[in-house]
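Structural overview for review
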Amino acid sequence: MKILAVDYGDARTGLAVCDATELLVSPVGQLEEKNMARVSQKILEAGRQQRAEMIVLGLPRNMDGTEGARAEKTRALAALLAEGGVPVRLWDERRTTVSAAALLAENGSFGKKRKAKLDAVSAAVILETYLAWRKNHPGQA
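Numbers given for residues are sequential positions, taken from 1 along each chain in its written order. Given that the model is predicted, a residue must reach a pLDDT of at least 70 before its local features are reported, and side-chain atom pairs must reach 80 or more before they are shown or counted; all residues, however, enter totals for whole chains, interfaces and linings. As a rule here, side-chain values come from all non-hydrogen atoms in the structure, and water together with hydrogens is ignored.

Some remarks on the side chain of E22
The helix count covers DSSP runs of H or I at least four residues long, the strand count covers runs of E at least two residues long, and both are numbered beginning at the N terminus. Topologically, E22 is positioned in the loop between β2 (12-18) and β3 (25-32). Residue contacts follow a heavy-atom distance rule, with two residues in contact if any of their heavy atoms lie within 4.5 Å. The residues contacting E22, other than those within four sequence positions of it, are M1, I3, L131 and R134.

Below is the structure:
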């Protein structure tokens, strides 16, 4: 199944997609948009272009597992996306930005170059962790 992953942010939203076999994950870009309604429309359009059958939306939680204001905004975005007719799965995104930054640093991406890719790579990390869980929990995803 092709799945679109989303790392939602106030100014930038990263996108990544997997292939139909759920083996290969690729960052597919960032949306530069602050308005939640427009972000949701752009995500749904990206999902249609990628032929995604599901959207995995990173849910920001505090390190102790609680949810704050950012998680509340993400849940509101999930509700807007669900109106688009594609199933939406919220997925814990703790430490994904840290992992993405480390991956980019290992590959020599710093400064503006890194900033331009960070959210899309974070979305890829979200999707990779979701797919790993999905593989180990068949029938539950």
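Thoughts on helix α2 (residues 69-82)
Expected span of a helix, by definition, is 1.5 Å for each gap between consecutive residues, and there is one gap fewer than residues. When the terminal C-alpha atoms of α2 are compared, their 20 Å separation across 14 residues agrees well with the 20 Å that a helix rising 1.5 Å per residue should span. Residue burial is assigned from relative accessible area. The probe radius is 1.4 Å, only protein chains are included, and a residue is buried under 20% of its type maximum, exposed over 50%, and partly exposed in between. All of the buried residues in α2 are A71, T74, L77, A78 and L81. Seen along its axis, α2 keeps its buried residues to an arc of 115°; they face one direction. For α2, exposure combined with an orientation more than 90 degrees from the buried face picks out A69 and E72. Tucked into the core, α2 has its buried residues touching α1 (36-50), β4 (54-59) and β5 (88-92). The directions from the helix axis to the C-beta atoms are what the arc is built from.

Details of the packing of aromatic side chains
Ring pairs shown here join Phe, Tyr and Trp side chains whose ring centres sit within 6.5 Å, with only the six-membered ring taken for Trp; geometry is labelled stacked below 30 degrees between planes, edge-to-face above 60, and tilted in between. Tallied over the full model, the rule gives three aromatic pairs. Between the aromatic rings of W91 and Y130, the centroid separation amounts to 5.1 Å while the plane-to-plane angle is 80°, which identifies the pairing as edge-to-face. Here W91 is found in strand β5, whereas its partner Y130 is found in helix α4 (residues 111-136), with 39 residues between them in sequence. We classify Y130 as buried; its relative accessible area is 0%. For the pair W91 and W133, a centre-to-centre distance of 5.4 Å together with 55° between the ring planes defines the contact as tilted. With a gap of 42 residues between them, W91 in strand β5 and W133 in helix α4 connect regions that are remote in the sequence. Accessibility expressed as a relative area gives 13% for W91, which makes it buried. Under the relative-accessibility criterion, W133 is labelled partly exposed at 21%. Within the aromatic cluster, the residues linked to one another by ring pairs are W91, Y130 and W133.

Side note on the sheet that holds β5
At least two bridges found by DSSP between two strands are what make those strands a pair. Spatial ordering of the open sheet is given by β3-β2-β1-β4-β5, a layout of five strands whose pairing is mixed. Both outer strands of the open sheet, β3 and β5, are each paired with one neighbouring strand and no more. Shown here is a sheet whose adjacent strand axes are inclined to one another by a mean of 25°, direction ignored. Note: strand β1 (residues 3-7) against β4, four bridges, orientation parallel. Of the residues in β4, the one forming a bridge with A5 is V56. Axis definition: a line fitted to C-alpha atoms, limited for helices to the stretch in contact. Angles are taken between N-to-C directions and run from 0 to 180 degrees. Contacts from α2 reach β4 and β5, with the element oriented near 170° to β4.

Here we look at the packing of α1 against α2
Packing of α1 against α2 brings their axes to within 9 Å, and their N-to-C directions diverge by 50°. For the element pair α1 / α2, the angle class is oblique. You can see that α1 and α2 cross each other, and the crossing is right-handed. Counted together, M36, A37, V39, S40, I43 and L44 of α1 and K73, A76, L77, L80 and L81 of α2 form the full contact between these two elements. Under the convention adopted here, Pro, Cys and the residues Ala, Val, Leu, Ile, Met, Phe, Trp and Tyr are nonpolar, Asp, Glu, Lys and Arg are charged, and Gly plus all remaining residues are polar. Classifying every residue of the contact of α1 with α2 gives nine nonpolar, one polar and one charged. Here is the rule for angles: anything less than 35 degrees is roughly parallel, anything more than 145 is roughly antiparallel, 65 through 115 is roughly perpendicular, and the remaining ranges are oblique. Crossings are assigned a handedness: left-handed for a near helix turned anticlockwise from the far helix by less than a right angle, right-handed for a clockwise turn.

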